[in-house]
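# Notes for the structure review
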Amino acid sequence: MKLVHILVEGQSEETFIKEVLAQHLYTFDLNLIPIIVKTKKLQKGPQHKGGLVNYDHLKRDLKDLLQNKAVDKVTTMFDLYALPGNFPKLGEIYQKGVEKALELEKALFEDVNHPKLLPYIQVHEFETLLFSDVSKFALDFSEAEVRQLQEIAAMFSSPEDINETSEGAPSKRIFSVLGKKYQKTLHGPYCQRYLLGSHTS
């Protein structure tokens with residue numbers, strides 16, 4: 001069994017990995033442990049976690065994780081569009097989408113410079129995954145609300161095309177329909193379990 005630590009931006013990604021991805025990949029002899037990036041590292045007291053606002057936080061936490069000899073690989077799960085301004089070569093790469101993500105993964109690997117690091121930058125935010133089958137929202141929301149989400153999905157050729165601007169991001173569109181009833185850390189992984197077929201009744 002190989003141990004893999006995944007540095008993530010927040011609680012939603014942590015929950016998704018614990019409750020969905022880790023269970024799926026465990027059958028492939030991979031033990032996934034999500035770690036939320038620390039925004040402030042204190043000598044004493046609780047650490048401040050969540051939200052990638054500074055690349056220095058990411059690099060510091062990666063180096064700490066990579067020093068663990070029990071870990072086979074360390075990877076990341078951050079949204080491309082939300083990367084901090086001081087991320088390596090962010091202002092020098094003009095490709096878009098997957099090509100840009102691949103170049104930034106390479107830049108991160110070169111900057112941290114450790115053989116156990118396997119960077120991953122998600123081209124689209126977490127809620128993009130939920131638009132792959134919005135009918136799963138019927139588990140907790142009304143037919144009218146699900147229909148509105150289906151209408152949004154129908155406007156695009158694929159869920160990946162929804163994330164064209166920060167104002168029109170999938171999360172903003174979901175909140176525009178469901179409002180405060182949608183709880184990202186609850187409904188996101190919950191819907192994903194059904195999409196991956198890992199839910200058992």
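Our structure is the block above this text.
Cut-offs and rules
Residues numbered from 1 in each chain as written. Predicted model: local features only at pLDDT ≥ 70, side-chain atom pairs only at ≥ 80, totals over all residues. Heavy atoms only, no water. Core = buried A, V, L, I, M, F, W, Y, C linked by side-chain atoms within 4.5 Å. Buried < 20%, exposed > 50% of the residue type's maximum accessible area, 1.4 Å probe, protein only. Helix = DSSP H or I, 4+ residues; strand = E, 2+ residues; numbered from the N terminus. Contact = heavy atoms within 4.5 Å. Pairing = 2+ DSSP bridges. Right-handed = clockwise from strand over helix to strand, strands pointing away. Phe/Tyr/Trp six-rings, centres within 6.5 Å; stacked < 30°, edge-to-face > 60°. Expected span 1.5 Å × (residues − 1). Arc of directions from axis to C-beta. Polar contact = N/O pair within 3.5 Å; in protein donor to acceptor, adjacent residues only side chain to side chain. Salt bridge = Lys/Arg side-chain N within 4 Å of Asp/Glu carboxyl O.

### Quick look at the nonpolar core
Ranked by internal contacts, the top residues of the largest apolar core, which has 24 residues, are Leu-58, Leu-62, Leu-83, Phe-87, Leu-104 and Leu-108. Listed by contribution, the elements that provide at least two residues to this core are strand 1 (2-8), helix 2 (55-66), strand 5 (73-79) and helix 3 (97-112). Not counting residues within four places of it along the chain, the set of residues in contact with Leu-83 comprises Leu-52, Phe-78, Leu-90, Leu-104 and Ile-121. Counting residues in hydrophobic clusters, the runner-up holds 14 residues, among them Leu-130, Ile-152, Ile-162 and Ile-174.

### A closer look at the pairing of strand 2 (residues 30-36)
Bridge count for strand 1 against strand 2 is 7 bridges, and the pairing is parallel. Its bridge partner lying in strand 2, Lys-2 is registered against Leu-30. With respect to chirality, the unit in which strand 1 leads through helix 1 (residues 11-26) into the neighbouring parallel strand 2 is right-handed.

### Let's talk about unusual backbone geometry
The backbone phi angle of Asp-29 is positive, close to 65 degrees, even though this residue is not glycine. If you trace the backbone, Asp-29 turns up in the loop between helix 1 and strand 2. Residue Lys-89 is not a glycine yet carries a positive backbone phi of 65 degrees. Considering the arrangement of structural elements, one finds Lys-89 in the loop between strand 5 and helix 3.

### Topic: the packing of aromatic side chains
Using the criterion set out here, one finds 4 aromatic pairs in the structure. Ring geometry for Phe-137 against Tyr-182: centres 6.3 Å apart, planes inclined by 55 degrees, an arrangement best described as tilted. In this pair, Phe-137 is assigned in the loop between helix 4 (127-130) and helix 5 (143-154) and Tyr-182 in the loop between helix 6 (170-178) and helix 7 (184-195), connecting sequence segments 45 residues apart. Looking at Tyr-182, the relative accessible area reads 3%, which means it is buried. With centroids separated by 5.2 Å and ring planes inclined at 75 degrees, the aromatic side chains of Phe-175 and Tyr-182 adopt a geometry described as edge-to-face.

### Some words on helix 3
Given a rise of 1.5 Å per residue, 16 residues ought to cover 22 Å, and the 23 Å separating the end C-alpha atoms of helix 3 matches this to within 8%. Buried within helix 3 are the following residues: Ala-101, Leu-104, Glu-105, Ala-107, Leu-108 and Val-112. Projected down its long axis, helix 3 shows its buried positions confined to an angular sector of 165 degrees, all on one face. Looking one or two residues beyond helix 3, the residue adopting positive phi is Asn-113, at roughly 60 degrees.

### Things to note about the environment of Asp-72
Inspection of the secondary structure assignment puts Asp-72 in the loop between helix 2 and strand 5. Here the alpha-carbon distance between Asp-72 and Met-1, two residues 71 residues apart in the chain, equals 9.5 Å. If we skip the residues at most four places from it in the chain, Asp-72 touches Met-1, Lys-2, Leu-3 and Lys-116. Side-chain polar atoms of Asp-72 contact the backbone nitrogen of Leu-3, separated by 2.8 Å.

### Focus: the pattern of salt bridges
Taken as a whole and assessed by the stated rule, the structure comprises 6 salt bridges. A salt bridge links Lys-59 to Asp-111; the nearest nitrogen and oxygen atoms lie 3.3 Å apart. Taken as a pair, Lys-59 in helix 2 and Asp-111 in helix 3 lie far apart in primary sequence, 52 residues in all. Taking relative accessible area as the criterion, Lys-59 reaches 22% and is therefore assigned partly exposed. Note on Asp-111: relative accessible area 30%, which makes it partly exposed. Residue Lys-89 pairs with Glu-110 through a salt bridge whose shortest N-O separation is 3.7 Å. Placement of Lys-89 in the loop between strand 5 and helix 3 and of Glu-110 in helix 3 is noted, with a sequence separation of 21 residues between them.

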